Amino acid sequence: MVMLLGVELLLFTALSCIHCQVYQLQGQPESGYYLSVNLGTPPQEFKVLVDSGSSNFAVAAKGFGYIQDYPRFDKSLSKTFRDINSEVGVKYIDGSWSGRVGEDYFAFASDVTTNASKSVKVYVSLIESVSEGFFETSGGWVGILGMGYAVLAKPDSSITPVMDSLVSEGVTSDKFGLQLCQPLSNSDRELVNQGGKMSLGSARPLLPSNSDVFRYVAITEESFYEVILTNIKVGGTSLDLPCT
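This write-up is about the structure you can find in this document. From a predicted model like this one, the values you see are computed outputs, not experimental measurements.

**Quick look at the pairing of strand β3 (residues 21-28)**
Sheet topology note: the β3/strand β14 (residues 196-200) ladder contains 5 bridges and is antiparallel. Within the sheet, the bridge partner assigned to Q24 lies in β14 and is K197. Taken together, the 3 bridges between β3 and strand β4 (residues 32-39) define a ladder with antiparallel strand orientation. Residue pairing across strands places G27 opposite Y33, the latter belonging to β4. Two successive antiparallel strands, β3 and β4, enclose a turn made up of 3 residues, where E30 displays a positive phi of approximately 75 degrees.

**Describing the pairing of strand β10 (residues 143-146)**
Taking every second residue as pointing to the same face, both faces of β10 are buried, with G143 and L145 on one and I144 and G146 on the other. In terms of strand pairing, strand β5 (residues 44-51) meets β10 through 4 bridges, oriented parallel. When the bridges of β10 are listed, D51 appears paired with G146.

**Considering the environment of L241**
Residue placement: L241 occurs in the segment after β17 (237-238). Given a relative accessible area of 34%, L241 falls into the partly exposed group. Counting along the chain gives 10 residues from L241 to N231, while the straight-line C-alpha distance between them is 5.6 Å. Other than its neighbours up to four places away in sequence, L241 contacts T230, N231 and I232.

**A look at the environment of K62**
Looking at the element boundaries, K62 is found in the loop between β6 (57-60) and β7 (82-91). On the accessibility criterion, K62 (58% relative accessible area) is exposed. Discounting residues that sit within four places of it in the chain, K62 has contacts with R72, F73 and D74.

**Examining the packing of aromatic side chains**
Working definition: an aromatic ring pair is given by the centre-to-centre distance plus the angle between the planes. Within the structure shown, the criterion is met by 12 aromatic pairs. Measuring from centroid to centroid gives 5.0 Å for F134 and F135, while their planes differ by 80 degrees, and the two rings are edge-to-face. Of the two residues, F134 and F135, neither departs from the other in class, the shared state being buried. Between F176 and Y225 the ring centres are 5.9 Å apart and the planes differ by 70 degrees, which places this aromatic pair in the edge-to-face class. Placement of F176 in strand β11 (residues 176-180) and of Y225 in the loop between β15 (215-218) and β16 (233-234) is noted, with a sequence separation of 49 residues between them. The buried category is assigned to F176, whose relative accessible area is 0%. Taking the relative accessible area as the measure of exposure, Y225 reaches 13% and is therefore buried. Every member of this aromatic cluster is reached through a ring pair, and the members are F64, Y92, F134, F135 and W141.

Procedures and definitions
Residues numbered from 1 in each chain as written. Predicted model: local features only at pLDDT ≥ 70, side-chain atom pairs only at ≥ 80, totals over all residues. Heavy atoms only, no water. Pairing = 2+ DSSP bridges. Helix = DSSP H or I, 4+ residues; strand = E, 2+ residues; numbered from the N terminus. Buried < 20%, exposed > 50% of the residue type's maximum accessible area, 1.4 Å probe, protein only. Contact = heavy atoms within 4.5 Å. Phe/Tyr/Trp six-rings, centres within 6.5 Å; stacked < 30°, edge-to-face > 60°.

Take it as geometry only, folks, not as evidence of what the structure does.
What follows is the structure, given as structure tokens:
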């Protein structure tokens, strides 16, 4: 993996655009960015938060009462769901959840490009309980899509992340990008939520035509997407950061 730093933050491995797909994100800084996915057969649609710092895919299960105003996954309605009967829990900076692991078919609900989404069997954790503050329900998301390496997956790395499953099934290559936009003020000085985009297969669709302002930095370890930052310049002036 490499990281691309510029006006927006992009994570990806290369600039080729083989099996390239782009998905619209909703959300904003601090609240997070989310998109719609389908799970099960027939598909049930949910909004899930995109998270580059974890690896589990999880959605709220039917019977989970914390978010009653939003849809929850009903495994009894999916003819392809398989219980694995393994307990799982994940802690984040803001909250945690716990539940049980299963398998079912996953696909992105909508596509900005003309490429059709292919359903792929993935591991999914059904959320049965959460700590206070885990769900930011104003956006209506009821789950989380971890885009990190398998080493971060819980309860262990045998729980293949969705991204790895998409790659192994030939849906995309091992590259993805995130374009996370700040809200902008309109003519009435009201904040307008821009959301962002997520690309699979390449970061090229997210780049401006002149990408010379970006620099490509190697990921230091296949765990979190960590890079070594040695300097920051503002208006051409170095901030003289100490490098350790």
